[in-house]
Amino acid sequence: DQQVKQNSPSLSVQEGRISILNCDYTNSMFDYFLWYKKYPAEGPTFLISISSIKDKNEDGRFTVFLNKSAKHLSLHIVPSQPGDSAVYFCAAKRPGTYKYIFGTGTRLKVLA
Amino acid sequence: NAGVTQTPKFRILKIGQSMTLQCTQDMNHNYMYWYRQDPGMGLKLIYYSVGAGITDKGEVPNGYNVSRSTTEDFPLRLELAAPSQTSVYFCASGEEKLFFGSGTQLSVL
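So, here's what we can say about the structure. Nothing here was measured: the structure is a model prediction, and the numbers come from that model.

1. A closer look at the overall build of chain B
- Scanning chain B for helices and strands turns up zero helices and eleven strands.
- Listing every helix and strand of chain B by position from the N terminus yields β-β-β-β-β-β-β-β-β-β-β.
- A compact globule built from 109 residues would reach a C-alpha radius of gyration of about 13 Å, and chain B, at 13 Å, matches this within 12%.
- The C-alpha extent of chain B, read off along each of the three principal axes, is 35 × 25 × 20 Å.
- Considering only contacts within chain B whose residues lie at least 6 apart along the sequence, 53% involve residues at least 24 apart.

Below, the structure written as structure tokens:
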């Protein structure tokens, strides 16, 4: 039972344009969400987070949107850069624990 | 700043062999985790620990054991390696934000 889903395995975007990566979840109890970026042969690195009490969080070129009624979050990268080419994972947790469940990842390719 | 350190980086095991993947963190985090990443399957939680002496199962614990005798160290033990355990293993620590090690690529042949 995949509680956190990233239904697009891959995405290609032109440099300078917006990249939108999507994540759906099934457990309405999730209260905190993370986005990670992963380059080949490296560990995932933290990008941005959002609490369930918010609907938006911004950090530089990265913005995460949370739609609780749809159980959906998205990561916007504007403008996209070739160095953003990586695999992106979303993750979620329930209250009272830091046991994170990760999605399957979306491979982003930013074309120069 | 070492962060989370995993060893070894690569290992090939024969079926039935055992090994321990080492993980240490220097950020004084209470929570530590072991994840495995299979192609197209994302990161699956194997075991986690909320502090020294306390461990709990994640999504895919079968075939693995862990211990947490200190805050810094969280080793993962494979007792009887099987081909299904061929994967990339990541150790992590943290609470609201997880910090990952660089991974161990394990092949069981």
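2. Focus on the sheet that holds strand β6 (residues 56–59) of chain A
Residue and element names in this part refer to chain A.
- Taken in spatial order, the five strands make up an open sheet running β1-β3-β8-β7-β6, and their pairing is antiparallel. Each end of this open sheet is capped by a strand with a single partner; those strands are β1 (4–5) and β6.
- Where strand β3 (residues 19–25) lies against strand β8 (residues 72–77), six bridges are found, and the strand directions are antiparallel. From the neighbouring strand, Ser 19 faces β8, where its bridge partner is Ile 77.

3. What about the interface of chain A and chain B?
- Taken together, the 20 residues of chain A in the interface contact 22 residues of chain B.
- Both faces combined, the contact of chain A with chain B buries some 1,700 Å², and carbon together with sulfur accounts for 62% of it.
- Contact with chain B buries surface across chain A, with Tyr 98, Lys 99 and Phe 102 of chain A losing the most and accounting together for 34% of the total.
- Run the count over chain A and chain B and you get five residue pairs in polar contact (both at pLDDT 80 or more).
- Looking at the side of chain A that touches chain B, the elements with two or more residues in it are β4 (32–38) and β10 (101–102) of chain A.
- When residues in the side of chain A that touches chain B are grouped by element, the largest group, four residues, is from β4 of chain A.
- A breakdown of the residues in the side of chain A that touches chain B according to their chemical character gives eleven nonpolar, six polar and three charged.

4. Some thoughts on the state of the cysteines
- Counted by the stated rule, this structure contains two disulfides over all chains.
- Here Cys 23 of chain A engages in a disulfide with Cys 90 of chain A; their sulfurs sit 1.9 Å apart. Residues Cys 23 of chain A and Cys 90 of chain A are joined by a disulfide whose S-S torsion is about 70°; by sign, that bridge is right-handed. A residue pair is termed long-range when its members are at least 10 positions apart, and Cys 23 of chain A in strand β3 and Cys 90 of chain A in strand β9 (residues 86–93) qualify at 67 residues. For the pair shown, Cys 23 of chain A and Cys 90 of chain A are each scored as buried.
- Covalently, Cys 23 of chain B is tied to Cys 91 of chain B through a disulfide, its sulfur atoms 1.8 Å apart. Residues Cys 23 of chain B and Cys 91 of chain B are joined through a disulfide that is left-handed, its torsion about the S-S bond being -70°. Linking Cys 23 of chain B in strand β3 (residues 19–25) with Cys 91 of chain B in strand β9 (residues 87–94), this pair joins segments that are 68 residues apart in sequence. Summarising the burial analysis for this pair, Cys 23 of chain B and Cys 91 of chain B share the class buried.

5. Regarding the environment of Tyr 35 of chain B
- Mapping Tyr 35 of chain B onto the fold places it in strand β4 (residues 32–37).
- Tyr 35 of chain B sits in the buried class, given a relative accessible area of 0%.
- Among all residues touching Tyr 35 of chain B, those that are not within four sequence positions of it are Tyr 100 and Phe 102 of chain A together with Leu 43, Lys 44, Leu 45, Ile 46, Val 88, Tyr 89, Phe 90, Leu 98 and Phe 100 of chain B.

6. Brief notes about a nonpolar patch on the surface
- The grouping of Ile 18, Ile 20 and Val 78 of chain A at the surface amounts to a nonpolar patch, some 230 Å² of accessible area in total.
- The exposure class of Ile 18 of chain A is partly exposed, given its relative accessible area of 42%.

7. Observations concerning the pairing of β9 of chain B
Residues and elements named next belong to chain B.
- Taken across its eight residues, β9 has seven buried, putting it largely inside the fold.
- Relative to β9, β4 runs antiparallel, the two being bridged by six bridges. Residue pairing for β9: Trp 34 is matched across the bridge by Cys 91.
- For β9 and strand β10 (residues 98–100), the ladder comprises three bridges, and the chain directions are antiparallel. Each bridged residue has a counterpart across the sheet, and for Ser 93 the counterpart in β10 is Phe 99.
- If you look at the hairpin formed by β9 and β10, you'll find three residues sitting between the two strands.

What counts as what
Residues numbered from 1 in each chain as written. Chains lettered and ligands numbered in written order. Predicted model: local features only at pLDDT ≥ 70, side-chain atom pairs only at ≥ 80, totals over all residues. Heavy atoms only, no water. Helix = DSSP H or I, 4+ residues; strand = E, 2+ residues; numbered from the N terminus. Rg over C-alpha atoms; globule rule 2.2 N^0.38 Å. Contact = heavy atoms within 4.5 Å. Pairing = 2+ DSSP bridges. Buried area = accessible area lost by both parts, 1.4 Å probe. Polar contact = N/O pair within 3.5 Å; in protein donor to acceptor, adjacent residues only side chain to side chain. Nonpolar A, V, L, I, M, F, W, Y, C, P; charged D, E, K, R; others polar. Disulfide = S-S within 2.5 Å. Buried < 20%, exposed > 50% of the residue type's maximum accessible area, 1.4 Å probe, protein only. Patch = residues over 30% accessible without salt bridge, like charges linked within 9 Å, V, L, I, M, F, W, Y side chains within 5 Å. Areas by Shrake-Rupley, 256 points an atom, 1.4 Å probe, with all protein chains shown as cover. Salt bridge = Lys/Arg side-chain N within 4 Å of Asp/Glu carboxyl O.

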